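Residues per chain are reported as follows:
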Amino acid sequence: MITALVHRIRTQCGAELNTFRSQVHALARQDIGSGGLDAAATTMARRPCLATPGVSVDIVGFTCPRSSDGVPSVRVAVSMSLQPGRMASAVHWEEAHAWAGAVAGGEWVAAEYVGSQEGPDGMVFHYALKNAEDPYALPEYSAVPEYSAAYSEVL
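Residues numbered from 1 in each chain as written. Predicted model: local features only at pLDDT ≥ 70, side-chain atom pairs only at ≥ 80, totals over all residues. Heavy atoms only, no water.

### Structural notes on the overall build of the chain
Working step 1: Helix and strand counts for the chain come out as three helices and five strands.
Working step 2: Ordered by position in the sequence, the α and β elements of the chain form the string α-β-β-β-α-β-β-α.
Working step 3: Relative to its full complement of 155 residues, the chain shows a buried share of 45%.
Working step 4: When contacts within the chain are restricted to residue pairs at least 6 apart in sequence, long-range pairs at least 24 apart make up 55% of them.
Working step 5: Accessible surface, the chain as shown: approximately 7800 Å² in total, 53% of it carbon and sulfur. (Helix = DSSP H or I, 4+ residues; strand = E, 2+ residues; numbered from the N terminus. Buried < 20%, exposed > 50% of the residue type's maximum accessible area, 1.4 Å probe, protein only. Contact = heavy atoms within 4.5 Å. Areas by Shrake-Rupley, 256 points an atom, 1.4 Å probe, with all protein chains shown as cover.)

### A few points about the environment of Val 78
Working step 1: Structurally, Val 78 is set in strand S3 (residues 72–82).
Working step 2: Among the residues examined, Val 78 registers a relative accessible area of 0% and is labelled buried.
Working step 3: C-alpha of Val 78 to C-alpha of Val 60: the two residues are 18 residues apart in sequence and 6.6 Å apart in space.
Working step 4: Every residue in contact with Val 78, bar those within four places of it in the chain, is listed here: Val 57, Asp 58, Ile 59, Ala 96, Trp 99, Ala 100, Met 123, Val 124, Phe 125 and Tyr 127.

### A word on helix H2 (residues 95–103)
Working step 1: Taken across its nine residues, H2 has nine buried, putting it largely inside the fold.
Working step 2: All buried positions along H2 are accounted for by Glu 95, Ala 96, His 97, Ala 98, Trp 99, Ala 100, Gly 101, Ala 102 and Val 103.

### Some remarks on the packing of aromatic side chains
Working step 1: Tallied over the full model, the rule gives two aromatic pairs.
Working step 2: With a centroid separation of 6.3 Å and 40 degrees between ring planes, the pair formed by Trp 93 and Phe 125 is classed as tilted. Taken together, the residues span a long stretch of sequence, with Trp 93 in the loop between S3 and H2 and Phe 125 in strand S5 (residues 122–131) at a distance of 32 residues.
Working step 3: Residue classification places Trp 93 among the buried residues on the basis of a relative accessible area of 17%.
Working step 4: Given the relative accessible area of 0%, Phe 125 is considered buried.
Working step 5: Here Tyr 113 and Tyr 127 contribute two aromatic rings whose centre-to-centre distance is 5.9 Å and whose plane-to-plane angle is 65 degrees, an arrangement assigned as edge-to-face. Here Tyr 113 is found in strand S4 (residues 108–119), whereas its partner Tyr 127 is found in strand S5, with 14 residues between them in sequence. For the pair Tyr 113 and Tyr 127, one class covers both residues: buried. (Phe/Tyr/Trp six-rings, centres within 6.5 Å; stacked < 30°, edge-to-face > 60°.)

### Here's the deal with the nonpolar core
Working step 1: Judged by nonpolar contacts, the single largest core of 36 residues is most densely connected at Ile 59, Val 78, Met 80, Trp 99, Phe 125, Tyr 127 and Leu 129.
Working step 2: Counting only elements with at least two residues in this core, the list comes to helix H1 (2–28), strand S2 (55–66), S3, H2, S4 and S5.
Working step 3: Filtering out sequence-adjacent residues up to four positions away, Trp 99 remains in contact with Ile 9, Cys 13, Met 44, Arg 47, Val 57, Ile 59 and Val 78. (Core = buried A, V, L, I, M, F, W, Y, C linked by side-chain atoms within 4.5 Å.)

### Looking at H1
Working step 1: When the terminal C-alpha atoms of H1 are compared, their 27 Å separation across 27 residues is substantially less than the 39 Å that a helix rising 1.5 Å per residue should span.
Working step 2: Helix geometry: H1 is bent most strongly at Cys 13, by close to 90 degrees.
Working step 3: When we look at burial in H1, the residues that qualify are Ile 2, Leu 5, Val 6, Ile 9, Cys 13, Leu 17, Phe 20, Arg 21, Val 24, His 25, Leu 27 and Ala 28. (Expected span 1.5 Å × (residues − 1). Bend = angle between axes of the 7 residues up to and from the residue.)

### With respect to the packing of H1 against H2
Working step 1: Two numbers describe how H1 lies on H2: the axes approach to 8 Å, and their chain directions differ by 50 degrees. Comparing the axis directions of H1 and H2 gives the class oblique. Crossing of H1 over H2 shows right-handed handedness. When H1 is examined against H2, the residues Ile 2, Leu 5, Val 6, Ile 9, Arg 10, Cys 13, Leu 17, Phe 20 and Arg 21 are found in contact with a partner set consisting of Glu 95, His 97, Ala 98, Trp 99, Gly 101, Ala 102 and Val 103. (Axes fitted to C-alpha atoms, helices over the stretch in contact; angles between N-to-C directions. Parallel < 35°, antiparallel > 145°, perpendicular 65-115°, else oblique. Left-handed = near helix turned anticlockwise from the far one by under 90°.)

Below, the structure written as structure tokens:
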């Protein structure tokens, strides 16, 4: 299901994803930490969930201070919000993994799932975008089509 959703998201939202990736790339080039900004963020326009009617998806890309190697950590948060009357038990939460996988592209080869938290009206899923030059670029649980079977263990 995740592979099909990633493909569908990239097909339907390709231009938006490219714009969002460009914005996140621009953030990553900012002077984050040690005298620069503490962090920076950008958002993608709210979208309806593709797998579950009555749920909306918000995506935030942000950077954290640079690590010892000077490269900023680039993260993505995917928030899935239920509209009033929608039952959480009927939501396909794995769509968050598909959105993160669709965001990963170009310089980033994967979106590594790092955790989630329940919010007042849904769930927020957190991912670290993995750079192609990172020796650990394809983590055990990542939002890329080849690793989609691992998600059943995460959720």
